[in-house]
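# Understanding the architecture of this molecule
Spelled out, the chains give:
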Amino acid sequence: MAAARRAAAPALARRIQANLAELAMPKAHVAIDVRGDDPGDDVEVLLAANPGTPPLPLAKVASGGELARTMLALRLVLTGAPPTLVFDEVDAGSGGTAALAVGRSLARLAGEHQVLVVTHLPQVAAYADAQVRVAKQSDEAATVAQASVLDEPERVIELSRMLSGQPDSDAARTHAAELLASAAGERGR
């Protein structure tokens, strides 16, 4: 078993690394270290996020965004997963181009699984087939969370709020509509 894991480790690392390149980490280097005698259960993912640094244990060297994207890259490789996948802020520490890449990758994963994503990034939310807004209301006695599925006009307003904090801004609404159209175009919808 340990020999088989050691033999498979380089191919797994290459596939994770290829996904990281698509997740706005084009220069990242990944290695998989398999230690111990049979069954070789001591397995560690090593990451060098930038050129010129040696791959070190992911848990020790990755920033929040690097860790989140590496875990997403791993999940994209290991697609023999449960039918429903839940990602809670997998886009942590990401923004701009990286956030768009995370959104694209999650949409790709959603082609084979039901994917539920908790996000605060409009670039990621724009790639969703359906968007749910969760809002909390509190008084002195209790806090209640309310979830609402958004229709297209409501998505534009919510993405505007996520983009600028100003859901009534014409500029934010234009940008939100552009994000939604671009994501839908990439998904072929």
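You'll find the structure just up there.
Our subject in this report is the structure included herewith. (Residues numbered from 1 in each chain as written. Predicted model: local features only at pLDDT ≥ 70, side-chain atom pairs only at ≥ 80, totals over all residues. Heavy atoms only, no water.)

## Let's talk about helix H3 (residues 64–77)
Here H3 contains 14 residues, and its C-alpha end-to-end distance of 20 Å stays within 8% of the 20 Å for a straight helix at 1.5 Å per residue. Burial analysis of H3 places 10 of its 14 residues in the buried class, the great majority of the element. Looking only at H3, the buried set comprises Gly65, Glu66, Ala68, Arg69, Thr70, Leu72, Ala73, Leu74, Leu76 and Val77. Buried residues along H3 sit against helix H1 (2–22), strand S2 (42–48), helix H2 (58–61), strand S4 (84–88) and helix H4 (96–109). (Helix = DSSP H or I, 4+ residues; strand = E, 2+ residues; numbered from the N terminus. Expected span 1.5 Å × (residues − 1). Buried < 20%, exposed > 50% of the residue type's maximum accessible area, 1.4 Å probe, protein only. Contact = heavy atoms within 4.5 Å.)

## Here we look at the environment of glutamate 89
Positionally, glutamate 89 belongs in the loop between S4 and H4. Put simply, glutamate 89 and alanine 68 are 21 residues apart on the chain and 8.0 Å apart in space, counted from C-alpha to C-alpha. Discounting chain neighbours no more than four positions away, the residues touching glutamate 89 are Val118 and His120.

## Observations regarding the pairing of strand S6 (residues 132–138)
Among the 7 residues of S6, 0 are classified as buried, and the element is accordingly described as predominantly exposed. The antiparallel hairpin formed by S6 and strand S7 (residues 143–149) contains 4 residues in its connecting segment. (Pairing = 2+ DSSP bridges.)

## Describing the sheet that holds strand S1 (residues 29–35)
The 3 strands are arranged S1-S2-S3 in an open sheet whose pairing can be described as antiparallel. The open sheet has two free edges, formed respectively by S1 and strand S3 (56–57), since each of these has just one partner strand. When S2 meets S3, the two strands line up antiparallel, connected through 2 bridges. Bridging across to S3, leucine 47 finds its partner in leucine 56. Strands S1 and S2 of the sheet are contacted by H1, whose axis makes an angle of about 160° with S1. (Axes fitted to C-alpha atoms, helices over the stretch in contact; angles between N-to-C directions.)

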